[in-house]
Amino acid sequence: EAGALWGGRFASGPSPELARLSKSTQFDWQLAAYDIAGSRAHATALQSAGYLSENELASMLEALDRLEEDVESGAFTAAESDEDVHSALERGLIERAGAELGGKLRAGRSRNDQIATLVRLYLLQHSRVIGHLVVQLIDAIASQAEAHGDAPMPGRTHLQHAQPVLLAHHLLAHAWPLVRDLERLVDWTRRASASPYGSGALAGSSLGLDPHLVASELGLDRPTENSIDATASRDVVAEFAFVTSLIGINLSRFSEEIILWNTREFDFVTLDDGYSTGSSIMPQKKNPDIAELARGKSGRLIGNLTGLLATLKGLPLAYNRDLQEDKEPVFDTVETLEVLLPAFTGMVATLKFNTERMAELAPQGFSLATDVAEWLVRQGVSFRDAHEISGELVQFCEQRGLELHEPSDEELAGISAHLVPAVRGVLTVEGSIASRNGVGGTAPDRVAEQRNQLTERVRVL
Ligand code: ARG
């Protein structure tokens, strides 16, 4: 079989059915530039160990440059007969450098250590792109928080009115998980930045090639420690799929709220025309499709992760062809996030908040009842009694259609002698929010401080 990497011991070429099943160029072609970078590094190591002369190295590098240009321009593409990106590029190299020189590059490496290296290079590069896009989203959220200063909203638990909070506080609560996702990506980078090159098929190389040289040529921190582990493990890929799934999940949680806020019933936000869609039949519609797609695509990212985990769980050491199935899920995850994040950030940055309505709803649903209880505690009442008294006040108001500040002095005293008129001091949204000034609380000073912490945490990454 012309161009195949393993023809020697076979009497015939692969059957067409096998060739079709085995072929991976339709997706691993994306790794071509990394494969060529790996080849350059490997050629350098071969030369430094004495397997290539200076001149041969120069010709090899020159041929690899031309091959790279031809891949970029589309002049060189995978042929029907190429099993994978590695086979295709070896064919391309031989076409450019000749069979004699081109045939030398394969010494001391295997597609098993090659692919394990390339997938790391691909993920490292895209982790930087995705990290950058997440930073932009965090910036957009932080800007919205800053723009809405002291604006209150109803804070919820169980989706029920709970206590008033600052809109800025709520928005920043969506930014912090993304900051942690960024930190996870950075931490993952430390584990990913090792080069399997030199592991060979599984047992290592007998040629005395310098793996440190290859690693540093590829911009990786170090060689991997164990050639079997390096060619057989894909935990680095799985961890990337996990961290990116979490990013998806965090976008999805935010999306769910944006979708609710955008309903007529909530009416908390207006989506920018450029970041919402219409209906083909209902002329009045303006739909939150970006948020819905984010919510939907997060399921897809989780699927990519779980599919990959299922592929890995039963594999004996070392390399097995099952491992070829590691790439499509993470390629899909990368492509999904690189398209989704810019749209999501645009939607967030252009969101208009109906702060009047949010402020109007903030005290409703007796959301200041906790403030009454805590005020009583500050007057020396036990929390157990305070909770009870405040609950009776809620019941009193509910039965009469009143808000908590509306009962008369006599009515307050009738519920409990502890409920003196001064309690009305905490029965405002502003008073309630300002009183929650413990670390991480919703008081305006704390939220401003928190925003600075957030910016600083992102800055040092
Ligand atoms: N295409 C394979 C993969 O993606 C790499 C080639 C290793 N193939 C082999 N038969 N050893 O994992």
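Thresholds applied
- Residues numbered from 1 in each chain as written.
- Predicted model: local features only at pLDDT ≥ 70, side-chain atom pairs only at ≥ 80, totals over all residues.
- Helix = DSSP H or I, 4+ residues; strand = E, 2+ residues; numbered from the N terminus.
- Rg over C-alpha atoms; globule rule 2.2 N^0.38 Å.
- Buried ≥ 20, exposed ≤ 12 C-beta atoms within 10 Å, placed from the backbone.
- Contact = placed C-beta atoms within 7 Å.
- Pairing = 2+ DSSP bridges.
- UniProt positions renumbered as here; feature names shortened; annotations may be inferred.
- Core = buried A, V, L, I, M, F, W, Y, C linked by C-beta atoms within 7 Å.
- Expected span 1.5 Å × (residues − 1).
- Axes fitted to C-alpha atoms, helices over the stretch in contact; angles between N-to-C directions.
- Parallel < 35°, antiparallel > 145°, perpendicular 65-115°, else oblique.
- Left-handed = near helix turned anticlockwise from the far one by under 90°.
- Nonpolar A, V, L, I, M, F, W, Y, C, P; charged D, E, K, R; others polar.

1. Focus on the overall build of the chain
Within the chain, the regular secondary structure consists of 19 helices and six strands. Computed over C-alpha atoms, the radius of gyration of the chain comes to 31 Å, more than 25% over the 23 Å expected from 2.2 N^0.38 for 461 residues, which places it beyond the range of a compact globule. Projecting the C-alpha coordinates of the chain onto the three principal axes gives extents of approximately 100 × 55 × 40 Å. Taking all 461 residues of the chain together, 39% fall into the buried category. Sequence separation of at least 24 residues holds for 75% of the intrachain contacts in the chain that already meet a minimum separation of 6.

2. Details of the pairing of strand E2 (residues 160-166)
Relative to E2, strand E1 (residues 152-157) runs antiparallel, the two being bridged by six bridges. Bridge assignment links Arg156 to a residue of E2, and that residue is His161. In sequence, E1 turns back onto E2 through a hairpin of two residues, with His158 there showing a positive phi of about 55°.

3. Here we look at the UniProt feature "domain: Argininosuccinate lyase C-terminal" (unreviewed entry) in the chain
As annotated in UniProt, the feature "domain: Argininosuccinate lyase C-terminal" (unreviewed entry) corresponds to residues 366-434 in the numbering used here. Measuring from the first to the last C-alpha atom of residues 366-434 gives 18 Å, for a span that is 59% helix and 0% strand.

4. Points about the nonpolar core
Core analysis: the biggest nonpolar cluster contains 93 residues, and Leu67, Val134, Leu137, Ile141, Ala175, Val237 and Phe344 have the highest contact counts within it. Not counting residues up to four positions away in its chain, the partners in contact with Val237 are Val119, Leu123, Leu308, Asp326 and Val330. Grouped together as the second largest cluster of nonpolar side chains are 12 residues, Leu368, Trp375, Leu376 and Val423 included.

5. Observations concerning the environment of Thr189
On the secondary structure map, Thr189 appears in helix H8 (residues 167-192). C-beta crowding within 10 Å serves as the criterion here: with 17 such atoms nearby, Thr189 is assigned to the partly exposed category. It is 9.9 Å that separates the C-alpha atoms of Thr189 and Leu220, two residues lying 31 residues apart in sequence. Other than its neighbours up to four places away in sequence, Thr189 contacts Leu124 and Ser127.

6. Section: helix H4 (residues 54-73)
Relative to the 28 Å expected for 20 residues at 1.5 Å per residue, H4 spans 29 Å between its end C-alpha atoms, a close match to the ideal helical length. Where H4 is buried, its residues touch helix H3 (32-48), helix H5 (85-97) and helix H6 (99-102). In the segment just after H4, Gly74 is the residue with positive phi, at about 90°.

7. Some words on the packing of H4 against H5
Packing of H4 against H5 brings their axes to within 9 Å, and their N-to-C directions diverge by 120°. On the basis of the axis angle, H4 is oblique to H5. For the pair H4 and H5, the crossing hand works out as right-handed. Contacts from Ser59, Met60, Ala63, Leu64, Arg66 and Leu67 of H4 reach H5 at Leu89, Gly92, Leu93, Arg96 and Ala97.

8. Some remarks on the environment of Ser390
With respect to the helices, strands and loops of the structure, Ser390 is situated in helix H16 (residues 383-400). You can call Ser390 buried: it has 27 C-beta atoms within 10 Å. For the pair Ser390 and Leu167, spaced 223 residues apart in the sequence, the C-alpha separation amounts to 26 Å.

9. Details of the packing of helix H7 (residues 111-147) against helix H19 (residues 444-459)
Between H7 and H19, the shortest axis-to-axis distance is 11 Å and the interhelical angle comes to 165°. The orientation of H7 with respect to H19, classified from their angle, is roughly antiparallel. Between H7 and H19 the crossing geometry is left-handed. Across from Val135, Ile138, Ala142, Ala145 and Glu146 in H7, the residues of H19 making contact are Arg451, Leu454, Thr455 and Val458. Per-class residue counts for the contact of H7 with H19 are six nonpolar, one polar and two charged.

10. Looking at unusual backbone geometry
Keep in mind that most residues, glycine aside, have a negative phi and that most peptide bonds are trans. Residue Leu317 is joined to Ala318 through a cis peptide bond whose omega torsion reads 0°. With respect to the helices, strands and loops of the structure, Ala318 is situated in the loop between helix H12 (289-312) and helix H13 (327-349). In this structure, Leu159 takes a positive phi of about 65° despite not being glycine. Mapped onto the fold, Leu159 is located in the loop between E1 and E2.

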